[in-house]
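Remarks on the overall topology
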Amino acid sequence: MQILKSTVKENILHAAMGEFEEKGYEKTSMRLIAKNAGITAGNMYRYFGNKECLFTAVVKPSHERLMDLLQYDAIANKKARPEKNIAEEIAVLITELFDAHRRELLILLSKSSGSRYENYKQDLIEMVKRRITDTLMVHFSKNGIQHEDEVLALAMASSLIEGLIVVLKECVDKTIIRKLSGKIIEFHFKDMLSIYPVI
């Protein structure tokens, strides 16, 4: 039995990232990934059983970091550390995520058609919308969450995610990504906090 080598696995993941980034999940060929990784297709299947497994291996770390970020309780931290600005704190966390996983996030958000992640962008917008209503609006709205609050939260979540995707697609320089994404997040959350003032 041949021993699986970590360097071969890393070469496969690196080659797969390039192919998924360029062609998207549906149009990516496992044979071409194997060729670019310097191994045979048969050997590659010993590391990753199919294209879906390989795609998941490429995007899973960024997906997990993003899910952790969505669980972050900015309001609880604001109460614990009132000197911290919520918008700035969220901006820092998101730009750290972008620094570490820019390429994988772009693949997840715009190149995942045909995979089990193909609705990822819409799912993410829905999750951000829920975080806005459950974390911000519920704390700051005196009359509870109304239908108009839900619509506003969806509009804000959609524009926030679409804006961040534009930054990720158009910019490679980490400093510029951090600056622009920080401005987008601050704009959205400062706007939110002016409508639902912090306690």
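Residues numbered from 1 in each chain as written. Predicted model: local features only at pLDDT ≥ 70, side-chain atom pairs only at ≥ 80, totals over all residues. Heavy atoms only, no water.

Some points on the pattern of salt bridges
- Summed over the entire model, instances satisfying the criterion amount to eight salt bridges.
- Of the charged contacts, one joins Arg103 and Glu21 as a salt bridge, the two residues approaching to 2.8 Å between their closest N and O atoms. You can see Arg103 sitting in helix H6 (residues 86-110) and its partner Glu21 sitting in helix H1 (residues 6-27), a full 82 residues away along the chain.
- Judged by relative accessible area, which is 24%, Glu21 ranks as partly exposed.
- Where Glu126 meets Lys129, a salt bridge forms, and the shortest distance between an N and an O atom there is 3.6 Å. Here Glu126 and its partner Lys129 are both found in helix H7 (residues 120-140), three residues apart, which amounts to about one turn of the helix.
- A relative accessible area of 13% means that Lys129 is categorised as buried.
- Salt bridges sharing partners connect three or more residues here, namely Glu126, Lys129 and Glu150. (Salt bridge = Lys/Arg side-chain N within 4 Å of Asp/Glu carboxyl O. Helix = DSSP H or I, 4+ residues; strand = E, 2+ residues; numbered from the N terminus. Buried < 20%, exposed > 50% of the residue type's maximum accessible area, 1.4 Å probe, protein only.)

Brief notes about the side chain of Ser62
- Mapped onto the elements, Ser62 comes out in helix H4 (residues 51-71).
- Overall, the relative accessible area of 0% leaves Ser62 in the buried class.
- There is a polar contact of 2.8 Å between the side chain of Ser62 and the backbone oxygen of Val59.
- If sequence neighbours within four positions are ignored, Ser62 has contacts with Leu97, His101, Glu104, Leu105 and Leu108. (Polar contact = N/O pair within 3.5 Å; in protein donor to acceptor, adjacent residues only side chain to side chain. Contact = heavy atoms within 4.5 Å.)

Description of the environment of Ile107
- Note on placement: Ile107 falls in helix H6.
- The exposure class of Ile107 is buried, given its relative accessible area of 0%.
- As a C-alpha pair, Ile107 and Phe20 span 87 residues in sequence and 6.7 Å in three-dimensional space.
- For Ile107, the residues in contact, after removing those within four places along its chain, are Met17, Phe20, Glu21, Phe55, Val58, Val59 and Ser112.

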